[in-house]
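Results of the structural survey
Below are the chains, spelled out letter by letter.
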Amino acid sequence: MNPKSRFLYLIIVFLLFSSVTFSVGRSIGFRSQESEQKAGPVSETQVREFLQAYYTFETVGDNYSAYVDALSNKMKDKVKTEQGEKTHSPQRFGFSRWLKSEHYFKQTNGEMVEVLCLVDFTTSLLNEEGGVVKKDIRHHVGVKLTYLYDAKNHRYVLDDLEQLSSFMEIQ
């Protein structure tokens, strides 16, 4: 074997060795990433179930236990504060019922998902004694839900709820 062929042979062996080493390292890297992978993104069902629980109640606040597990600690504190403020004033509506909703998802980064929702629900207007004045008033509202990934529990939790718009549809 002449020196030129020997040099070419060494280059080919080096390239093959490098290629195999790269492939093995890369496959080990993918396997470790798969084992550390997060729970799937926020689902349509998860959002719908939260909205159903949030917009279905007899009196304001009695539905809290139905959706509290979906909230982050920050959101739990915010809801408790809001409920405390509402207990000081007479309740003017009740008997709310979720009807339907549309959801539009936006993954802002690996840790946060924003969901724009159009929600249809009904409420009843109450007098100061709590009696029903008008039943089944239909509402159509826009809501922005912000979900954050909770690494401790390996799931997305609701971190913020922002009312975008509210208007009544006359039927």
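Residues numbered from 1 in each chain as written. Predicted model: local features only at pLDDT ≥ 70, side-chain atom pairs only at ≥ 80, totals over all residues. Heavy atoms only, no water.

So, about the side chain of His-103. Structurally, His-103 is set in strand S1 (residues 93–109). In terms of polar contacts, His-103 uses its side chain to reach the side chain of Glu-44, at 2.5 Å. A distance of 2.7 Å separates a polar atom in the side chain of His-103 from a polar atom in the side chain of Ser-101. Dropping the residues within four chain positions of it, His-103 is found in contact with Glu-44, Val-47, Arg-48, Leu-51, Val-115, Leu-116 and Cys-117. (Helix = DSSP H or I, 4+ residues; strand = E, 2+ residues; numbered from the N terminus. Polar contact = N/O pair within 3.5 Å; in protein donor to acceptor, adjacent residues only side chain to side chain. Contact = heavy atoms within 4.5 Å.)

This part covers the nonpolar core. Across soluble globular proteins, you tend to see nonpolar side chains buried next to one another. One finds Phe-50, Leu-51, Tyr-55, Val-119, Leu-145 and Tyr-147 to be the most contacted residues of the largest nonpolar core, which totals 27 residues. Those elements that place two or more of their residues in this core are helix H2 (44–55), helix H3 (64–67), helix H4 (73–86), strand S2 (112–126), strand S3 (132–150) and strand S4 (155–168). No other element matches the 6 residues that H2 contributes to this core. Beyond its immediate stretch of four places on either side in the chain, Phe-50 contacts Tyr-67, Ala-70, Leu-71, Leu-145, Tyr-147, Leu-158 and Leu-161. (Core = buried A, V, L, I, M, F, W, Y, C linked by side-chain atoms within 4.5 Å. Buried < 20%, exposed > 50% of the residue type's maximum accessible area, 1.4 Å probe, protein only.)

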